[in-house]
Amino acid sequence: MIKLVAFDIAGTFLRSDNTYDVECFEKIYRALQDKDIKVVVISGNQYAQLASFFPKHQEELIIVSENGALIFEGDKLLREAKIARTEIEKVLDVLVSEDLENATTLCGLHSAYLLKSAPKQYKEEIAIYYHALKEISNFQDLPEDDFVKLALLVPEEKTDQLLEKLNQVTGQLVQAVSSGHGSIDIIQRGVHKGSALEFLSQHFGIAPQEMMAFGDGGNDLEMLAYVGHSYAMANASEKVKKTAKYQAPSNQESGVLEILERKVVKKGLS
């Protein structure tokens, strides 16, 4: 039986205008609660932003943010995979040398940080994904926080080249991954959505075969490979579709909700 369902947000659960069918979700969510199935929102985005989509349920949901670095059950922090300041400083030196500092957001437990000198368009776009956001003068005098990720937004056609270069120079403790559309995350090596579900598996005593997950981008691969019931969205990349066992309708068609209603709520997938 399915005991846990996990879904990515952007490109998976949300439509392209960052909305979802609230009425349908409420009905399905109540049915999942009645079946004692845990619901996990899992994303590379910030906890505050993810929680804002579910104001009625943020105290009940499990929210995995920053690509698995932070795991919350309600407002209780279950796991924090922070990056040492020395490693953050090394990565920032590389980004400055590549002239990427104004396309960089430093993600902490309490807030995300970007430079005052960053372009207005970048600030506006980042504010969509990071609701707790502060501007700082430079990355040399870091604020007091626990840092879990660096996020880059670059031209999509340069993503693969930058990924390769960053992973050559960032060392053994951190790694760069792409979540698609020119978005690159630099996180602690070994920390990803798959490792987050592995943590939850041990924490709740739920086997991977009892988990269902949905995704569309490169940072969903480990998660989809880990669970027993994995779904790639119809709009997912080819690599994601090859990794997942099944395919769901696109995010524009509320594919996550359709599969949950059809396979879990009505059929009681086992």
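Chains are numbered independently. Their residues run from 1 in the order of the written sequence. In keeping with the predicted nature of the model, local features appear solely for residues at pLDDT of at least 70, side-chain atom pairs appear and are counted solely at 80 or more, and the whole-chain, interface and lining totals rest on all residues. With hydrogens and water stripped out, all remaining heavy atoms of the structure feed into the side-chain values.

Tell me about the pattern of salt bridges, and name the residues and values.
Within this document, salt bridges are pairs made up of a side-chain nitrogen of Lys or Arg and a carboxyl oxygen of Asp or Glu, the two lying within 4 Å of each other. For the structure on display, the rule yields 13 salt bridges. Across the pair Glu261 and Lys27 runs a salt bridge, and its minimum N-O distance is 3.0 Å. Of the two residues, Glu261 is situated in helix 10 (residues 255-265) and Lys27 in helix 2 (residues 22-34); the sequence distance between them amounts to 234 residues. Here's how the labels work: a residue is buried when its accessible area is under 20% of the maximum for its type, exposed when over 50%, partly exposed in between, all with a 1.4 Å probe on protein chains only. Its relative accessible area of 19% is what places Glu261 among the buried residues. In this structure Lys27 comes out as partly exposed when scored by relative accessible area, which is 44%. The salt bridge partner of Asp146 is Lys82, with a shortest N-O separation of 3.8 Å. Note that Asp146 is positioned in the loop between strand 8 (133-136) and strand 9 (147-153) and Lys82 in the loop between strand 5 (76-80) and helix 4 (85-97), a separation of 64 residues in sequence. Secondary structure elements are taken from DSSP: a helix is a run of H or I of four residues or more, a strand is a run of E of two residues or more, and numbering for both begins at the N terminus.

So what's going on with the packing of helix 2 against helix 10? Which residues, and what values?
For helices, the fitted axis covers only the stretch in contact; all axes are lines through C-alpha atoms, and the angles between them, taken along N-to-C directions, range from 0 to 180 degrees. As a packed pair, helix 2 and helix 10 sit with axes 10 Å apart at the nearest point and diverge in direction by 30 degrees. Between helix 2 and helix 10, the angle is such that the two are roughly parallel. Judged by the twist between their axes, the crossing of helix 2 over helix 10 is left-handed. Residue-level contacts link Cys24, Phe25, Lys27, Ile28, Ala31 and Leu32 of helix 2 to Leu257, Leu260, Glu261, Val264 and Val265 of helix 10. Here is the rule for angles: anything less than 35 degrees is roughly parallel, anything more than 145 is roughly antiparallel, 65 through 115 is roughly perpendicular, and the remaining ranges are oblique. Each crossing is labelled by how the near helix is turned from the far one, with a counterclockwise turn of less than a right angle marking it left-handed and a clockwise turn marking it right-handed. When checking whether two residues touch, look at their non-hydrogen atoms; a contact exists if any pair is within 4.5 Å.

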